[in-house]
Amino acid sequence: MNSFVDAIRNGASGFYVRNSVFFPFHFDPVSIWIGKEMSLLSSPEIITDFTDPEILGIREGESFTNLIFRKWNDLGRELGHHKGHIILHAAEKGSDIFRPENLYYIQTCFLDNIKTVTFNLVEDPFDL
């Protein structure tokens, strides 16, 4: 199992195919924020129901996690070119999610013109 804190600090990247994002690590999600940059006119959609198959699919491989966002068509087109991002509020797989020090915000950024995504650990997602 890959630690996401170590993977992000070591510069690991993932990739996306249309509405499907592949993360090179495992995590226990608490919430997922997806959408355009926050402003007075737009705010991200917050996903907390990970059991609704019409909204989100989750698949884990031995060394990766794949999230399929079923309400979106092409994440690169909708969120790329610095228009938005995905924020995971998550804990390391198997850690105690009730301890605040185990919870992190992971920003997922869509790079322009390629299918690569990069990750940053952020303190406060409202400061993006």
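Residues numbered from 1 in each chain as written. Predicted model: local features only at pLDDT ≥ 70, side-chain atom pairs only at ≥ 80, totals over all residues. Heavy atoms only, no water.

K.L.:
What should I look at first to understand a nonpolar patch on the surface in this one?
P.N.:
A cluster of nonpolar side chains, Val30, Ile97 and Phe98, forms an exposed patch at the surface whose accessible area comes to about 300 Å². Turning to its location among the elements, Ile97 is positioned in the loop between β7 (84-91) and β8 (103-110). (Patch = residues over 30% accessible without salt bridge, like charges linked within 9 Å, V, L, I, M, F, W, Y side chains within 5 Å. Areas by Shrake-Rupley, 256 points an atom, 1.4 Å probe, with all protein chains shown as cover. Salt bridge = Lys/Arg side-chain N within 4 Å of Asp/Glu carboxyl O. Helix = DSSP H or I, 4+ residues; strand = E, 2+ residues; numbered from the N terminus.)

K.L.:
What exactly am I supposed to notice about the confidence of the model for the chain here?
P.N.:
Any region with low pLDDT has predicted coordinates that should not be read closely. Of all residues in the chain, 87% have pLDDT values of 70 or greater, and the mean over the chain is 86. Confidence, read as mean pLDDT per element, is least for helix α2 (residues 75-79) in the chain (80) and greatest for strand β2 (residues 20-23) (96). (pLDDT = per-residue confidence, 0-100.)

K.L.:
Even after reading the chapter, I still don't get the pattern of salt bridges, so can you show me in this structure?
P.N.:
Think of it this way: side chains of opposite charge can pair up when their charged atoms draw near. In this structure the tally under the stated criterion is three salt bridges. As a salt-bridge pair, Lys93 and Glu60 come within 3.0 Å of each other at their nearest N and O atoms. Taken as a pair, Lys93 in the loop between β7 and β8 and Glu60 in strand β5 (residues 56-60) lie far apart in primary sequence, 33 residues in all. With a relative accessible area of 32%, Lys93 lands in the partly exposed category. Owing to a relative accessible area of 40%, Glu60 belongs among the partly exposed residues under this scheme. Ionic pairing is found between Arg99 and Glu101, a salt bridge with its closest N-O pair at 2.5 Å. Here Arg99 falls in the partly exposed class, since its relative accessible area comes to 44%. Classification of Glu101 by relative accessible area gives partly exposed; the value is 44%. (Buried < 20%, exposed > 50% of the residue type's maximum accessible area, 1.4 Å probe, protein only.)

K.L.:
What should I look at first to understand the pairing of β2 in this one?
P.N.:
Regular strands have side chains that alternate between both faces of the sheet. Burial along β2 is two-sided: the residues Ser20 and Phe22 and Val21 and Phe23 are all buried. Pairing analysis gives three bridges linking strand β1 (residues 13-17) to β2, with the strands arranged antiparallel. The partner of Tyr16 across the bridge, within β2, is Val21. Hairpin connection of β1 to β2: two residues between the antiparallel strands, including Arg18 at a positive phi of 55 degrees. (Pairing = 2+ DSSP bridges.)

K.L.:
I would appreciate a short explanation of the pairing of strand β6 (residues 65-69) in the present structure.
P.N.:
For β6, the tally of buried residues reaches five of five residues, placing the bulk of the element in the interior. By the alternation rule, side chains of β6 split into Thr65, Leu67 and Phe69 and Asn66 and Ile68, which are all buried. Of the pairings in the sheet, the one linking β2 to β6 comprises four bridges and is antiparallel in character. When the bridges of β6 are listed, Ser20 appears paired with Ile68. The sheet contact formed by β5 and β6 spans five bridges and is antiparallel. Of the residues in β6, the one forming a bridge with Leu56 is Phe69. Linkage of β5 to β6, two consecutive antiparallel strands, is achieved through a turn of four residues.

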